[in-house]
Amino acid sequence: MIKFLDRLFKKKEPIIIERKGLHSFVENKLENSEIKSFAQGFLEQLDEILDEMSKTCNELENAELHNKNIPPRAITIMEGNRKAYLHKTRYFMDNIKKLFAGISESNNSENIISKINNMKEILEEYTKATQKSYFVLQEFFANESSQVASKIKQINSLSTELEKKLKSSDTHKFQEISSLLEKIKNLDEKNKELNQEKKNLEKNLDEENKKIKKLNEKTSEIKNSDDFKKLSETQEKLDEAKEKKKQLSDEIAYKISPLSRALRKFAKISLDENSVNLLISEPFNAIKNIETDKLVDLFSNLRKNIENKNLGLKEKVINKYISIISEFNKKFIEELKNKIKTLNSRIKELSSEINKNHIWKNIEDLNSRIEKIEKSAAQIKREILICDENINKIKTEDISTKIKEILKSMDIEVKD
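Quick caveat, the model's predicted, so the values are computed rather than measured.

What counts, and where the lines are drawn
Residues numbered from 1 in each chain as written. Predicted model: local features only at pLDDT ≥ 70, side-chain atom pairs only at ≥ 80, totals over all residues. Heavy atoms only, no water. Helix = DSSP H or I, 4+ residues; strand = E, 2+ residues; numbered from the N terminus. Rg over C-alpha atoms; globule rule 2.2 N^0.38 Å. Buried < 20%, exposed > 50% of the residue type's maximum accessible area, 1.4 Å probe, protein only. Contact = heavy atoms within 4.5 Å. Phe/Tyr/Trp six-rings, centres within 6.5 Å; stacked < 30°, edge-to-face > 60°. Salt bridge = Lys/Arg side-chain N within 4 Å of Asp/Glu carboxyl O. Patch = residues over 30% accessible without salt bridge, like charges linked within 9 Å, V, L, I, M, F, W, Y side chains within 5 Å. Areas by Shrake-Rupley, 256 points an atom, 1.4 Å probe, with all protein chains shown as cover. Lys, Arg positive; Asp, Glu negative; His and termini not counted. Charge placed at Lys NZ, Arg CZ, Asp CG, Glu CD. Axes fitted to C-alpha atoms, helices over the stretch in contact; angles between N-to-C directions. Parallel < 35°, antiparallel > 145°, perpendicular 65-115°, else oblique. Nonpolar A, V, L, I, M, F, W, Y, C, P; charged D, E, K, R; others polar. Left-handed = near helix turned anticlockwise from the far one by under 90°. Core = buried A, V, L, I, M, F, W, Y, C linked by side-chain atoms within 4.5 Å.

### Some remarks on the overall build of the protein chain
Then comes step 1: Within the protein chain one finds 16 helices and two strands.
Then comes step 2: Expected size for 416 residues packed as a compact globule is a radius of gyration near 22 Å; at 51 Å, the protein chain overshoots this value by more than 25%.
Then comes step 3: Its C-alpha atoms give the protein chain principal-axis dimensions of about 135 × 75 × 40 Å.
Then comes step 4: Across the 416 residues of the protein chain, 34% fall into the buried class.

### Things to note about the environment of Phe-299
Then comes step 1: Mapped onto the secondary structure, Phe-299 falls in helix α12 (residues 292-307).
Then comes step 2: With a relative accessible area of 2%, Phe-299 lands in the buried category.
Then comes step 3: Considered as a pair, Phe-299 and Lys-402 are 103 residues apart in the sequence and their alpha carbons are 100 Å apart.
Then comes step 4: Apart from the residues within four sequence positions on either side, Phe-299 is in contact with Leu-259, Leu-279, Ile-325, Phe-328 and Ile-333.

### Some details on the packing of aromatic side chains
Then comes step 1: A full pass over the atoms with the stated rule returns seven aromatic pairs.
Then comes step 2: Centre to centre, the rings of Phe-42 and Phe-100 are 4.9 Å apart; their planes meet at 70°, and the pair counts as edge-to-face. With Phe-42 in helix α3 (residues 35-62) and Phe-100 in helix α4 (residues 72-100), this pair connects stretches of sequence that are 58 residues apart. Taken as a pair, Phe-42 and Phe-100 share a single burial class, namely buried.

### Structural notes on the pattern of salt bridges
Then comes step 1: Under the criterion given, the structure shown has 18 salt bridges.
Then comes step 2: Here Arg-90 and Glu-61 are joined by a salt bridge, their closest N and O atoms 2.9 Å apart. Of this pair, Arg-90 sits in helix α4 while Glu-61 is found in helix α3, placing the two residues 29 residues apart along the sequence.
Then comes step 3: The exposure class of Arg-90 is partly exposed, given its relative accessible area of 29%.
Then comes step 4: Owing to a relative accessible area of 38%, Glu-61 belongs among the partly exposed residues under this scheme.
Then comes step 5: Between Lys-330 and Asp-293 there is a salt bridge, with the nearest N and O atoms lying 3.7 Å from each other. Of the two residues, Lys-330 is situated in helix α14 (residues 330-356) and Asp-293 in helix α12; the sequence distance between them amounts to 37 residues.

### Details of a positive patch on the surface
Then comes step 1: Residues Arg-261, Arg-264, Lys-314 and Lys-316 make up a contiguous surface patch of positive charge.
Then comes step 2: Note that Arg-261 resides in helix α9 (residues 260-269).
Then comes step 3: Note on Arg-261: relative accessible area 42%, which makes it partly exposed.

### What about a negative patch on the surface?
Then comes step 1: Side chains of Glu-182, Asp-188, Glu-189, Glu-193, Glu-197 and Glu-383 sit close together on the surface and give a patch of like negative charge.
Then comes step 2: Among the elements that line the negative patch, the one with the most residues is helix α7 (residues 170-223), at five residues.
Then comes step 3: Inspection of the secondary structure puts Glu-189 in helix α7.
Then comes step 4: When its relative accessible area of 39% is taken as the criterion, Glu-189 is described as partly exposed.

### As for the environment of Asn-117
Then comes step 1: Inspection of the secondary structure puts Asn-117 in helix α5 (residues 109-140).
Then comes step 2: Assessed through its relative accessible area of 34%, Asn-117 is described here as partly exposed.
Then comes step 3: Distance from Asn-117 to Lys-395, taken between C-alpha atoms, is 30 Å for residues 278 residues apart in sequence.

### Some points on the packing of helix α6 (residues 142-168) against α7
Then comes step 1: The interhelical angle for the contact between α6 and α7, taken along N-to-C directions, is 60°, at an axis separation of 4 Å. Comparing their axes, α7 and α6 come out oblique. Each of Leu-166, Lys-167 and Ser-168 in α6 lies in contact with α7, whose residues at this interface are Asp-170, His-172 and Lys-173.
Then comes step 2: Of the residues assigned to the contact of α6 with α7, the class counts are one nonpolar, two polar and three charged.

### Quick word on the packing of α3 against α4
Then comes step 1: Running from amino to carboxyl end, α3 crosses α4 at an angle of 165°, the nearest separation of the two axes being 11 Å. One element, α3, and the other, α4, form an angle in the roughly antiparallel class. α3 and α4 meet at a crossing whose hand is left-handed. Counted together, Phe-42, Leu-43, Leu-46, Leu-50, Met-53, Ser-54, Cys-57, Asn-58, Leu-60, Glu-61 and Asn-62 of α3 and Arg-82, Tyr-85, Leu-86, Thr-89, Arg-90, Phe-92, Met-93, Ile-96, Lys-97 and Phe-100 of α4 form the full contact between these two elements.

### Description of the nonpolar core
Then comes step 1: Phe-42, Leu-46, Met-53, Phe-92, Phe-100, Ile-112 and Ile-155 are the most contacted members of the largest nonpolar core, which has 36 residues in total.
Then comes step 2: Breaking this core down by element, the ones donating at least two residues are α3, α4, α5 and α6.
Then comes step 3: Leu-279, Phe-299, Leu-311 and Ile-322 belong to the second-largest nonpolar core, a separate cluster that totals 32 residues.

Quick look at the structure:
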């Protein structure tokens, strides 16, 4: 007696399995499935309920009113609702038969549970669609319509009972574990793919960086050469000549700009309005392009018109204008033109010398290639970051914990 009680209350020792053998253990357990027997028993009871339901529908369809003193209008309403109710009920029965057809051949509990959930949706739609008709029929054929409703409840109860059996069965739990193990496997494969992709990207990035380094070395080699030094000196001379030209242009503009108001007034009465306007807007080009004698005449006529007070200028600025104009004599203009000519000639000569040299172009080509490769490297870096983000998103700890919980409910423990 003591031994019996000891066995009865003794804590059940859990089954210990190694993690590496978990998949095989689960697959072996799934070979002995009770799902088919559950489904077969369900179908047998469902067929029986549907047969009885079909009979109750026939009884409702053929039932006669006990009270013959009902107004014709009420009878018409009753017949319409009876017809509608029977039509929707038989349609519901056909849908249920089709939905559960062949489930006894399935070992997949999740598939059957999914069908049960679909059945509940169909039932909910049927209930909403027949609610009005059912309440009307209750007034005329309470017994017959209640019997039909009773069968509907039996189908719902039978489905709920099957769902409970499936979910509490070991097979369902092992199928859930098998599905979770498959999920872990897929995630592990995805992780391997992403890590391989990252490895390939890092290799490509390394190759791109090597190309950039090689091109930079080539650029440095060119820049350290004697030819480049000579070219740089020529470029400096060109920049210096251009700067002198700019300074001369600013100097000419600075000298002529005070005459702008007088020149604008003079342009309106001048016989060479275009030359006057060019002198106002582009003084450097005016000195460069307009002939010396023409410029001398232009400034001389300007002076005469100022002195003769033909331009409507104030007395206090007349002397200032005349003083400025006095500087622009023939000798001064010729000196400016010679300076401009010398500078332009120097700039042209140095520019030609630089253009004949291919070093700058070679450096530009190298820089262009470096820029292109750097863009490619930047894109690869972004792709590596995306890989890292996706790798970090892959988590299997929660899935493993879920598997342990399911196994624990069956007194099974996994050993690493």
